[in-house]
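# Commentary on secondary and tertiary structure
Given next are the chains, with one letter for each unit.
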Amino acid sequence: VFHILYNTPEQNISDAEIESQLVAMNADFMGTNADASKIPSAFKSLMGKPGIQFCLAKRTPTGAPTNGIVHKSTTKTSFTANDAAKYSSQGGDDAWDTKKYFNIWICNLEGTLLGYGEFPSTTITKTYGYVGHWKYTGTINSQAPFNLGRTTTHEIGHCLNLRHIWGDANCGSDGVSDTPTQQTSNSKCPAYPNVTCSNGPNGDMFMNYMDYSDDACMNMFTVGQTTRMLATINNAPYNVLKTS
Ligand code: ARG
Ligand code: ZN
Ligand code: CA
């Protein structure tokens, strides 16, 4: 379910924009994104296909029909990463039961924050989900260079337990063996190869969704990242059918 929190008409992005976001993220999480053809040949065999699909909620928590997109006006002119967006009492919108729905809040985030995703935990929290900036949501009317819906792909990667590819440290580890160790985050569109941390000859996998490159320059999860995401989504507590 998408909760769109708006303080001005332009922040109230359309259902068509949300649907364009859904198409983009579903392609990325299926591994059917057309730009996978741009993956350097040395990394091609490492591309994972998570086979994860999202669909808009068809029923509200009380069973009423819905299109899965809530538009709610707020008096708050901007939000931060403090989770206010997730609470009606703080100018946001309460989550729909996080055990049954994946919640996405779209709002006006402050500063340079494109979005943030909550990591999974041993019990599902009431705040589990992703918060994204309205400007960078969807592939229509969204702002370059983050206009291909990949902030959502990146942040949902976090929600499914993926770390940044540089391990948030100098030549750090992301806990995934088939993503090369790299010095730090990349930005814009680096030239291939970008060798750091003795990771030659192929260098950084800056086209990975868990880096900070521009949307047009990221196009893959790896097999190892896929295993990690599926371990979360297919098991308790995130798989509602499994209790242990
Ligand atoms: N949390 C990151 C940020 O706010 C998101 C980076 C997403 N990158 C992208 N190319 N869309 O900077
Ligand atoms: Zn991140
Ligand atoms: Ca790695």
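You'll find the structure just up there.
A brief report on the enclosed structure follows. Note that this is a predicted model, so its numbers are computed, not measured. (Residues numbered from 1 in each chain as written. Chains lettered and ligands numbered in written order. Predicted model: local features only at pLDDT ≥ 70, side-chain atom pairs only at ≥ 80, totals over all residues. Heavy atoms only, no water.)

### Considerations on the coordination of the calcium ion (ligand 3)
Condition: Sites may look incomplete, because water is not among the atoms used; the donor set itself consists of N, O and S atoms within 2.8 Å of the metal (3.2 Å for Na, K and Ca). Here's how the labels work: a residue is buried when its accessible area is under 20% of the maximum for its type, exposed when over 50%, partly exposed in between, all with a 1.4 Å probe on protein chains only.
All of the protein donors around the calcium ion (ligand 3) are D174 (OD), V176 (O), T179 (O) and T179 (OG1); their distances to the metal are 2.4 to 2.5 Å. Donor residues binding the calcium ion (ligand 3) come from one chain and are separated in sequence as D-x1-V-x2-T. Among the residues examined, V176 registers a relative accessible area of 8% and is labelled buried. A residue is classified by how much of its surface remains accessible, and T179, at 4% relative accessible area, is buried.

### Comments concerning the side chain of S213
Put simply, the rule is: Runs of H or I in DSSP of at least four residues are treated as helices and runs of E of at least two as strands, each being numbered from the N terminus. Counted as a polar contact is a pair of N or O atoms within 3.5 Å, where, for protein atoms, one must be capable of donating a hydrogen and the other of accepting one, and residues adjacent in sequence contribute only when both atoms are in side chains.
Relative to the helices and strands, S213 is located in the loop between α3 (150-159) and α4 (223-233). At 2.6 Å, the side chain of S213 forms a polar contact with the backbone oxygen of F206.

### As for the state of the cysteines
For clarity, the threshold we go by: The criterion for a disulfide is a pair of cysteine sulfur atoms lying within 2.5 Å.
Counting across every chain of the model gives 2 disulfides. In this model, C171 is linked to C197 through a disulfide, with the two sulfur atoms separated by 2.1 Å. Taking the sign of the torsion about the S-S bond as the criterion, the disulfide between C171 and C197, at about -90°, is left-handed. In this pair, C171 sits in the loop between α3 and α4 while C197 sits in the loop between α3 and α4, placing the two residues 26 residues apart along the sequence. The partly exposed category is assigned to C171, whose relative accessible area is 33%. The disulfide that involves C189 links it to C217, with 1.7 Å between the sulfurs. Disulfide C189-C217: the torsion about the S-S bond is 75°, which places it as right-handed. With C189 in the loop between α3 and α4 and C217 in the loop between α3 and α4, the pair connects residues that are 28 residues apart, well separated along the chain.

### As for α4
Operational definition: Each direction from the helix axis to a C-beta atom contributes to the arc, which is the arc of those directions. What makes two residues a contact is simply this: any of their non-hydrogen atoms within 4.5 Å.
Every buried residue belonging to α4 is among Q225, T226, M229 and T232, and all of these are buried. Down the axis of α4, the sector holding all buried residues measures 125°, keeping them to one side. On its buried side, α4 packs onto α1 (15-30) and α3. Its side-chain oxygen 3.4 Å from the backbone nitrogen of G224, T222 forms the N-cap of α4.

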